[in-house]
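What follows is each chain in one-letter form.
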Amino acid sequence: MRQIELFQKGIEKEYIELPFKRFRDESFDFKEIPAGSGVYGIHPYPAMFHFLVVRKLLKEFSKRGELVLDPFMGSGVVGVECLISGRNFVGYDINPLAVLIAKVRTTPIKSNLLLQMLKHIIQDFKHQKPEFFEFDNLYYWFDKEVVKDLTRLRQSIFKIEDRIVKDFFKVAFSDTVRRVSKARYDEFKLVRKKESDSISVLKFFEETALKNIGLLTQFYENFPPTKTNLILEERDILNEIPLEDESVDLVITSPPYGDSRTTVAYGQFSKLPLRWLGIEKDVDKISLGAKIREIHYNLPSEILFEYIEKIAVEDERRAKEVFSYYEDLYSSIRIISRKVKKNGFVCFVVGNRKVKGVELPTDKISVDFFSAEGFEHQITIVREISRKRMPHKNSPSNIKGMKDETMKYEYIVILKKTS
Ligand SMILES: C[S@@+](CC[C@H](N)C(=O)[O-])C[C@H]1O[C@@H](n2cnc3c(N)ncnc32)[C@H](O)[C@@H]1O
């Protein structure tokens, strides 16, 4: 055991010395409180932050009025927490569904306005004649009758003029699409169910919309929104970001844990809702690590190449995939780093996934990448991930049926910009 100076305020913590300054801190687990509580119960999203972790990090590393950035914001947990704690926020994500969910969660609307509109949608639905609507494999994923009902519902929602109210109902519609499809609702990947269950489109939509109205209004009654600036945009972080250099006080973010072929398939999760919302974007083809490249020894992390060489002995292509993901991760870190003020902090939350049976120390590799950009590593907090939020088992060798324990923990890497 030894003491280290942990946070900016000089809080001293005891920790069991693990490699790479890792500190297993159970106070970050929040096992008893589901990550999907309150407003975070509006639409599921893979690998969502636990809001209490974000709340704790915001309190520790930022002050009211400061600017917080999440370049991989997903469903907008950091945005919501900034809104209720008086921090300004900028969030980006490449996935339009993520941005839609994040906007809805960060936009309090009066419940009577939403209830009135819901009534109107349900009435209007009954008078709608389904117009022609099609996309690739539509009838592989949906029954004929379901397609008709979803088309009518879509028509009723798309007629709403107020964009904010329309977005609110688009989110309930998206959840309905996932639930009434022939794909498994509880999987992030698109996997067809053995038997389709007959769920009424209108009934599920109405229940979901009512649930979401309750969650949104109650949350903001308990946690009144502050007057802060929130910017939420669909954007590929690798294409630069429209923020001044050295303008951000704190970054709290969690990049994808690996390429989406073998880790979390955000695109597959979002594909059917996006098609129904009229968006063709194939998110998995443009996420970090999607383009496979030749290996170059040009990234500032020795340990990364030790691991890449180990993988290459077994599987050359896998090694290239792994390299491509880390090359993109480094590019994103370079862009993010420039935006942070001197003495500002970054809380970079990663998962150490396994490839070919080898656990890749993404936390350590991230420390190497940030160190090359003028950051000093403070500590890495290790927390246990809730079983509901991420599958604990995946197929690390991409062999069907072969499962391995992975992603039991996530790593909150804390860094300070010193030069
Ligand atoms: C681990 S998730 C973030 C989840 C988020 N913390 C939450 O609470 O919902 C990673 C996110 O990165 C996004 N992403 C992947 N590649 C990206 C890129 N090049 N630019 C911006 N976002 C990207 C994915 O769409 C996904 O939403």
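Worth saying up front: this structure is predicted, and the values here are computed from it rather than measured.

Draft legend 1. Helix α8 (residues 201–222), seen in detail. A rise of 1.5 Å per residue sets the reference length of α8, with its 22 residues, at 32 Å; its end C-alpha atoms lie 32 Å apart and thus fit the reference within 8%. Among the residues making up α8, those that are buried are V201, F205, T208, A209, N212, I213, L216 and F219. All buried residues of α8 project into a common sector of 150° when viewed along the axis, lining one side. Within α8, the exposed residues directed more than 90 degrees away from the buried face are K203, E221 and N222. Along its buried surface, α8 packs onto α4 (111–127), α6 (144–158) and α7 (163–180).

Draft legend 2. Layout of the site of the ligand. In the vicinity of the ligand there are 23 residues, among which F49, F72, G74, S75 and N95 approach most closely. Grouping the constituent residues of the shell around the ligand by class yields 16 nonpolar, five polar and two charged.

Draft legend 3. Structural view of the pairing of strand β11 (residues 375–384). Most of β11 is tucked away: seven of the 10 residues are buried. Where strand β3 (residues 22–24) lies against β11, three bridges are found, and the strand directions are parallel. Counterpart to R24 in the pairing with β11 is V382. Pairing between β11 and strand β14 (residues 409–417): nine bridges, direction antiparallel. Across the sheet, the residue bridging to E376 is K416, located in β14.

Draft legend 4. Region of the structure containing the environment of T176. Tracing the backbone through its elements, the reader meets T176 in helix α7. Sequence separation between T176 and K211 is 35 residues, and the spatial gap between their C-alpha atoms is 12 Å. Contacts of T176, omitting those with residues within four sequence positions, involve V201, F204, F205 and T208.

Draft legend 5. Focus on the domain arrangement of the protein chain. You can read the domains of the protein chain as domain 1 (26–96 + 229–265 + 282–417) and domain 2 (111–221). If you look at the interface, domain 1 gives eight residues, while domain 2 gives nine residues. By residue class, the composition of the side of domain 1 that touches domain 2 is five nonpolar, three polar and no charged.

Analysis parameters
- Residues numbered from 1 in each chain as written.
- Predicted model: local features only at pLDDT ≥ 70, side-chain atom pairs only at ≥ 80, totals over all residues.
- Helix = DSSP H or I, 4+ residues; strand = E, 2+ residues; numbered from the N terminus.
- Expected span 1.5 Å × (residues − 1).
- Buried ≥ 20, exposed ≤ 12 C-beta atoms within 10 Å, placed from the backbone.
- Arc of directions from axis to C-beta.
- Contact = placed C-beta atoms within 7 Å.
- Near = placed C-beta within 6 Å.
- Nonpolar A, V, L, I, M, F, W, Y, C, P; charged D, E, K, R; others polar.
- Pairing = 2+ DSSP bridges.
- Domains from an automatic or database assignment.

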